[in-house]
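Below are the chains, spelled out letter by letter.
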Amino acid sequence: MTLIKSISGIRGTIGGRTGDTLNPLDIVKFTSAYATFIRRSAKSNANKIVVGRDARISGPMVRSVVCGTLMGMGYDVIDIGLATTPTTELAVRMSGADGGIIITASHNPRHWNALKLLNNEGEFLTKADGNAVLDIAEKEDFEYADVDHLGHYTHDDSFNQRHIDSVLALDLVDVDAIKKAHFKVCVDSINSVGGIILPHLLDALGVEYKFLNGEANGDFAHNPEPLERNLGGIMSEVTNGGYDLGIVVDPDVDRLAFIQEDGKMYGEEYTLVTVADYILDHVKGSTVSNLSSTRALRDVTERHGCKYYAAAVGEVNVTTKMKEVGAVIGGEGNGGVIYPESHYGRDALVGIGLFLSSMAQKGMKASQLRATFPNYFMAKNRVDLQPDTDIDAILNKVKEHFASQPDVQVTDIDGVKLDFPDKWVHLRKSNTEPIIRVYSEAHTAEEADALGKELMAFVKR
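Notes on the structure in this doc start here. Predicted, not measured: the structure shown is a model, and the values here were computed from it. (Residues numbered from 1 in each chain as written. Predicted model: local features only at pLDDT ≥ 70, side-chain atom pairs only at ≥ 80, totals over all residues. Heavy atoms only, no water.)

**What to know about the pattern of salt bridges**
Moving on, step 1. Counting across every chain of the model gives 24 salt bridges.
Moving on, step 2. Its salt-bridge partner being Lys362, residue Asp281 comes within 3.3 Å of it at the nearest N-O pair. Taken together, the residues span a long stretch of sequence, with Asp281 in helix α9 (residues 269–282) and Lys362 in helix α12 (residues 348–362) at a distance of 81 residues.
Moving on, step 3. Judged by its relative accessible area of 30%, Lys362 falls in the partly exposed class. (Salt bridge = Lys/Arg side-chain N within 4 Å of Asp/Glu carboxyl O. Helix = DSSP H or I, 4+ residues; strand = E, 2+ residues; numbered from the N terminus. Buried < 20%, exposed > 50% of the residue type's maximum accessible area, 1.4 Å probe, protein only.)

Here it is in structure tokens:
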């Protein structure tokens, strides 16, 4: 039983005692705090908030509580129903709303759910804004509307098609080339909203497809995180089915992974790398990813004569950096593509359109396309510590030890990252547990793991 409150929202497991789980009382309190924050900081008088959800079993219950609370706070609710995270983000902008709430626990298992909070641009709240919501919730500093000023409820299911139309309208989504390529793909939409919207996108692109786990019933057929260890079913289907590509999304369709035509993983880290390479073929500009993402993006960006920038981990940190440097493409190595021409949010539909455009224009199979990029391998480890451990002091010692070494570049905007000439390692403390996450990357899996283990030993000493 778990309840986690953070600047990005509230998430937890369903069922159990108050205070231990994501229950109706906490949903009411947190939604009330968010509505109060939006009221106090609103940049318009629209008095509208968008609500969308993935297909989780608990979704109808959470949606009812959220919508009723917003109406009780005096807000008109636009309920867009079963919708992806990027669809909900776009719906906020398209409807001119003051904000939005996405009901999704992303890649977490079926017994989890969460509220993710958006501003009037359809983007995640900043750290300062998220902390303001938490403070309001803690103080229960909110006031409900009287009977004459309760909000109204509207259901509008038009935004899935509007999202698809916006993807098709992007200049670099080459619809004609994709149609001429006659692609055949297999899609694992993990029993959530990808099974609703992606068939319509693929139909519009003239792509032949088969769906696995396509029924949006929230009863996930396997662990929903799009990692190789969870994707044996689609990898086998692609191997034996004569497909050009396998496409995998998570339950809220902001992460995107591919399977090559030979049934092997394309590499989740290389979703963004491939899309960025395609964008930079047509438009020169800077790129951004978080510190824990593959170095291949930097290599590809510099190959195009452009500049790469790193951001702290977290989507809002990436988008903030992208705006600061005017990046033409960015995202996260977990398969999250952020394309400003569409909107500042991870969007698997945009990623699919751009990836298929690259394959079509270059006339390459997925495995051939993957072979054009630098090859890196990543290792992910963790150091478990005692609750009273001074983790910041440990990270400072790591930084001090390596700062004097001439071949190491030290970055401390988010934990400590050590960039060596041919590899890197990133140490970050968890916000919820006494652990240090250790991500490392090198040209072989063995080198990457050895580097991570070396830093883990240093931390333990």
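Back to the write-up after that little detour.
**A look at the environment of Tyr278**
Moving on, step 1. Looking at the element boundaries, Tyr278 is found in helix α9.
Moving on, step 2. Given the relative accessible area of 1%, Tyr278 is considered buried.
Moving on, step 3. Put simply, Tyr278 and Tyr309 are 31 residues apart on the chain and 18 Å apart in space, counted from C-alpha to C-alpha.
Moving on, step 4. Each residue touching Tyr278, except ones within four places of it in the same chain, is listed here: Leu172, Asp174, Leu354, Ser357, Ser358 and Gln361.
Moving on, step 5. At 2.6 Å, the side chain of Tyr278 and the backbone oxygen of Leu172 are in polar contact. (Contact = heavy atoms within 4.5 Å. Polar contact = N/O pair within 3.5 Å; in protein donor to acceptor, adjacent residues only side chain to side chain.)

**Section: the pairing of strand β10 (residues 245–249)**
Moving on, step 1. Burial analysis of β10 places 5 of its 5 residues in the buried class, which makes it a mostly covered element.
Moving on, step 2. A two-sided burial pattern is seen for β10, the buried positions comprising Leu245, Ile247 and Val249 on one face and Gly246 and Val248 on the other.
Moving on, step 3. Of the strand pairs in this sheet, β10 and strand β11 (residues 256–259) are connected by 4 bridges, and their pairing is antiparallel. Across the sheet, Ile247 pairs through a bridge with Phe258, a residue of β11.
Moving on, step 4. Counting the residues between successive antiparallel strands, the hairpin from β10 to β11 contains 6 residues, one of them, Val253, with a positive phi of roughly 65°. (Pairing = 2+ DSSP bridges.)

**Observations concerning the packing of aromatic side chains**
Moving on, step 1. Per the counting criterion, the structure on display carries 7 aromatic pairs.
Moving on, step 2. Residues Phe258 and Tyr266 carry aromatic rings whose centres are separated by 6.4 Å and whose planes lie at 85° to one another, so their mutual orientation is edge-to-face.
Moving on, step 3. Among the aromatic residues, those joined into a cluster by ring pairs are Phe258, Tyr266 and Phe355.
Moving on, step 4. Arg39 extends its terminal NZ or CZ atom over the ring of Tyr75, reaching a point 4.0 Å from the ring centre.
Moving on, step 5. Here the basic side chain of Lys307 rests over the ring of Tyr309, its NZ or CZ set 5.3 Å away from the ring centre. (Phe/Tyr/Trp six-rings, centres within 6.5 Å; stacked < 30°, edge-to-face > 60°. Lys NZ or Arg CZ within 6 Å of the ring centre and 35° of its normal.)

**Looking at the side chain of Thr88**
Moving on, step 1. Looking at where Thr88 falls in the secondary structure, it is placed in helix α3 (residues 85–95).
Moving on, step 2. Beyond its immediate stretch of four places on either side in the chain, Thr88 contacts Val50, Gly52, Ile80, Ala83, Ile101, Ile102 and Leu118.

**A few points about the sheet that holds strand β15 (residues 336–338)**
Moving on, step 1. Sheet architecture is open: 4 strands sit in the order β13-β12-β14-β15, paired in mixed fashion. Since the sheet does not close on itself, it has two edges, and those belong to β13 (308–311) and β15, each with one partner. Mean inter-strand twist for the sheet, computed between neighbouring axes without regard to direction, equals 20°.
Moving on, step 2. With 3 bridges connecting them, strand β14 (residues 329–332) and β15 associate as antiparallel partners. Counted as the bridge partner of Gly331 is Val337 from β15.
Moving on, step 3. Its contacts with the sheet put helix α10 (residues 296–303) on β12 (287–290) and β13, and the angle it makes with β12 is roughly 170°. (Axes fitted to C-alpha atoms, helices over the stretch in contact; angles between N-to-C directions.)

**Some thoughts on the sheet that holds strand β18 (residues 416–420)**
By way of backbone hydrogen bonds, the strands of a sheet pair with one another, either parallel or antiparallel.
Moving on, step 1. Strand order in this open sheet of 5 strands is β16-β20-β19-β18-β17, and the pairing throughout is antiparallel. Only two strands of the sheet have a single partner each, and these edge strands are β16 (377–384) and β17 (409–411). Taken over all neighbouring pairs, the strand axes of this sheet differ in orientation by 15° on average, direction set aside.
Moving on, step 2. Both β18 and strand β19 (residues 423–429) contribute to a ladder of 5 bridges, which runs antiparallel. The residue bridging Leu418 from the neighbouring strand is Val425, located in β19.

**A short note on the packing of helix α5 (residues 159–168) against helix α7 (residues 194–204)**
Moving on, step 1. Remark: α5 packs on α7, axes separated minimally by 10 Å, with the N-to-C direction vectors making an angle of 40°. Here α5 and α7 pass one another in a crossing that is right-handed. In contact with Asn160, His163, Ile164, Val167 and Leu168 of α5, α7 contributes Ile196, Ile197, His200, Leu201 and Ala204.
Moving on, step 2. Residues belonging to the contact of α5 with α7 are distributed by class as follows: 7 nonpolar, 3 polar and no charged. (Left-handed = near helix turned anticlockwise from the far one by under 90°. Nonpolar A, V, L, I, M, F, W, Y, C, P; charged D, E, K, R; others polar.)

**With respect to unusual backbone geometry**
Moving on, step 1. Positive phi, normally seen in glycine, also occurs at Asn47, with a value near 60°.
Moving on, step 2. Relative to the helices and strands, Asn47 resides in the loop between α1 (24–41) and β3 (48–53).
Moving on, step 3. The phi dihedral of Ile190 falls on the positive side, at around 45°, and the residue is not glycine.
Moving on, step 4. Mapped onto the elements, Ile190 comes out in the loop between β8 (184–188) and α7.
Moving on, step 5. Owing to a relative accessible area of 1%, Ile190 belongs among the buried residues under this scheme.

**A few points about the environment of Gln260**
Moving on, step 1. Considering the arrangement of structural elements, one finds Gln260 in the loop between β11 and α9.
Moving on, step 2. With sequence-adjacent residues up to four places away left out, Gln260 is seen in contact with Val238, Met265, Tyr266, Ala366, Ser367 and Arg370.

**Some remarks on the pairing of β19**
Within a regular strand, side chains alternate between the sheet's two faces.
Moving on, step 1. Following β18, the chain reverses through 2 residues before pairing antiparallel with β19.
Moving on, step 2. Summarising the sheet, β19 and strand β20 (residues 435–442) pair through 6 bridges and their orientation is antiparallel. Among the inter-strand pairings, Leu427 is bridged to a residue of β20, identified as Val438.
Moving on, step 3. Here β19 hands over to β20 after 5 residues, the two strands then running antiparallel side by side.

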